[in-house]
Amino acid sequence: MLGNFTYCNPTKLYFGKGAIKYLNDELPKYGKKVVLIYGGGSIKKNGIYDEVIDILKSNGKDVAEISGVMPNPTVVKLYEGMDIARRHGADLLLAVGGGSVCDYAKALAVSVHCEGDPWEKYYIRFEEPVCPVVPVGCVLTMVGTGSEMNAGSVITNHAQKLKIGHVFADESIMPRFSVLDPVYTLTLPHYQMVAGIYDIFSHICEQYFSGEDDNTSDYISEGLFRSLLTSSRIANTDMQNYEARSNIMWTATWALNTLVSRGKTTDWMVHMLGQAVGAYTDATHGMTLAAVSMAYYRHILPYGLKKFVRFAQNVWGVSPEGKSDEQIACEGLAAMESWMKELGLVMNLTDLGVTADMVEGIADSTLVMQGGYKVLDRAEIVEIIKASL
Ligand code: NZQ
Ligand code: ZN
C-alpha cells in the first residue's frame, strides 16, 4: 500500500432485527425540534412511519415533516425543505428511506444555515460548509448507496441537466447514527432490490479498478464481491431470505463507507456516466450503472489488464490454465455479465429511455475522473455511450 491517508468514520450503526428501538438511545442527545424526512410513501404502507412516529412522540419531540423526497432528489425539493427546516428550527434531521432520502437530508444539513445558493456552493463549486451543520440520523429502508455511513450527497438539477454528487470532507455531514434493520428492506420490489445490489457491486468496482500496488483494500474488496455474489443469487430467487438480505445490507455499508478506498486511487467513471444518464432520464441509479458498465470495462480492460486478470480469478473463479491474460480477463467480464443478466438488470441505455439524440448531451454532462486505468477523452465517452445503447 503506497498511499497515505487519514481515516475516521463517526457514524454509529445499529444493525439487526428490531434495531429501531435504539432510536430511544439517540434521540435524547438532540434538541426537541426534529424534521422527519421520507420519500413517496413506502414507509406509510409498510408500517415503518408509525413505528418511528411513536418513538419520536414518546421522546417528547416536536416533529415537522418533509415528505415526497423523490428518487434522485432535486434541487427544487432541496429549496422547499430548507424553508420547512428553517421555520421549524431543526435540531435533528431524521431521514427514513433509501439513499435518496439520506442524501437529501445531508444536502439539507449543510443548507439550512447556508448563506447563498447551496447548489452553486456545494454542487458546482464543491465547497465545504462554513455554516453550522444540522445533525442527520438515518433509518435505512433501501440498500445500495452506502449513504447511511458516508458523507456523499447526490442532487439532481433538471433545469441544468446535471446530477452531481459531493462527497463532503467534513465528517460532521456523515449521519451521526444509522439504524439498519434488514427486515425493513423486505418490502422492496425486485427491481429496486437488484438495482441496489448492482449499485453495491459497482461501488466496489470503482474502488478496485485502480492502482498497481499490492493493497489491503483490494483484498477486502474481493471478500465483499464474493459475499455479494453469494447473497445476491440467494436473494434473487428467495427475496424474503433474511440471511442473504442482511449480508447484502452489511456489504452495501462497507462497500462505500470510505474503508476500501484508503491508500489508493479510485475510478468512479461508471458513476459519472450513470449520473449523466440519470440527469437525462431520471432512471433508477443502479440500472444506469448496469447499462454502461460492460461497455466501459471492456474499453478499459487493456489499460488495467493485470487487475482484470486478478478480478477474473479471485472473484469469478476463472481458471488461468492454458490461457492468455486477455482470455482470463475477458472470461471474468463474461461471468460478470451473465450474473448481471441472471439478476435481471437493465443491460442497455435504450431500455432506460436514452435515444441517439441524447448521446452528445449525456457526454457533455459526464464529469471526467482522473483516478482509473484510463482517463477518457470525449470521443471515448461518446463511443462508450453509443456502445451501451
Ligand atoms: O419513495 P418511497 O415511496 O419510499 O419509495 C422508494 C423509492 O421509490 C422505494 N423504497 C425504499 N425503501 C423501500 C421502498 N419500497 C418498498 N419498501 C421499502 N422498504 O425505493 C425507491 C428507490 O429509493 P431510493 O432512495 O431512490 O434508492 P437508492 O437507495 O438507490 O438511492 C438512490 C440515490 O442515491 C444516490 C443516487 O445517485 C440516487 O440519487 N447515491 C448516493 C450515494 C452516496 N450517498 O454515497 C452513492 C451512490 O452511488 C448514489 O449515487
Ligand atoms: Zn452508486
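Residues numbered from 1 in each chain as written. Chains lettered and ligands numbered in written order. Predicted model: local features only at pLDDT ≥ 70, side-chain atom pairs only at ≥ 80, totals over all residues. Heavy atoms only, no water.

Draft legend 1. How the structure looks around the domain arrangement of the protein. Domain boundaries assigned for the protein yield domain 1 (12-185) and domain 2 (190-387). Domain 1 and domain 2 are separated by 27 Å when their C-alpha centres are compared. The interface of domain 1 with domain 2 comprises 27 residues on the first partner and 23 residues on the second. Among the residues domain 1 hides against domain 2, the three largest losses belong to Val143, Lys161 and Lys163. Together they make up 25% of the total. For the interface between domain 1 and domain 2, the tally reads zero salt bridges. Seen at the junction of domain 1 and domain 2, the total is eight residue pairs in polar contact (both at pLDDT 80 or more). When contributions to the side of domain 1 that touches domain 2 are tallied by element, the ones reaching two or more residues are β1 (12-15) and β7 (162-167). If you tally residues by element for the side of domain 1 that touches domain 2, the top one is β7, at four residues. Classifying every residue of the side of domain 1 that touches domain 2 by side-chain character gives 13 nonpolar, nine polar and five charged. (Domains from an automatic or database assignment. Contact = heavy atoms within 4.5 Å. Buried area = accessible area lost by both parts, 1.4 Å probe. Salt bridge = Lys/Arg side-chain N within 4 Å of Asp/Glu carboxyl O. Polar contact = N/O pair within 3.5 Å; in protein donor to acceptor, adjacent residues only side chain to side chain. Helix = DSSP H or I, 4+ residues; strand = E, 2+ residues; numbered from the N terminus. Nonpolar A, V, L, I, M, F, W, Y, C, P; charged D, E, K, R; others polar.)

Draft legend 2. Main features of the nonpolar core. Within the largest apolar cluster, 112 residues are counted, with the highest numbers of intra-cluster contacts made by Ile37, Leu108, Phe201, Tyr297, Phe311 and Met336. When residues of this core are assigned to domains, at least three fall in each of domain 1 (12-185) and domain 2 (190-387). With near-sequence residues (within four places) excluded, phenylalanine 311 lies in contact with Phe201, Tyr208, Phe209, Phe225, Trp316, Leu333 and Met336. Membership of the second largest hydrophobic core comes to 23 residues, among which are Ile20, Val52, Ile53 and Val179. (Core = buried A, V, L, I, M, F, W, Y, C linked by side-chain atoms within 4.5 Å. Buried < 20%, exposed > 50% of the residue type's maximum accessible area, 1.4 Å probe, protein only.)

Draft legend 3. Quick look at the packing of aromatic side chains. A full pass over the atoms with the stated rule returns 24 aromatic pairs. Centroid distance phenylalanine 201 to tryptophan 339: 4.7 Å. Interplanar angle 40°. Geometry classified as tilted. Pair noted here: phenylalanine 201 is in helix α7 (residues 190-208) and tryptophan 339 is in helix α13 (residues 325-343), with a separation of 138 residues, a long-range link. Like tryptophan 339, phenylalanine 201 is buried. (Phe/Tyr/Trp six-rings, centres within 6.5 Å; stacked < 30°, edge-to-face > 60°.)

Draft legend 4. Layout of the site of ligand 1. Around ligand 1 there are 30 residues in total, and Gly40, Ser42, Gly99, Ser100 and Asp103 lie nearest to it. Within the backbone of glycine 40, one N or O atom sits 2.7 Å away from an oxygen atom of ligand 1. Within the side chain of asparagine 150, a nitrogen or oxygen atom sits 2.9 Å from an oxygen atom of ligand 1. In the complex, 89% of the free accessible area of ligand 1, which totals 960 Å², lies under the protein chains. Counting residues per element, the ones that place at least two in the shell around ligand 1 are α5 (99-109), β6 (152-157) and α7. Its residues placed into classes, the shell around ligand 1 shows eight nonpolar, 19 polar and three charged. Each of domain 1 (12-185) and domain 2 (190-387) gives at least three residues to the shell around ligand 1. (Near = heavy atom within 4 Å. Areas by Shrake-Rupley, 256 points an atom, 1.4 Å probe, with all protein chains shown as cover.)

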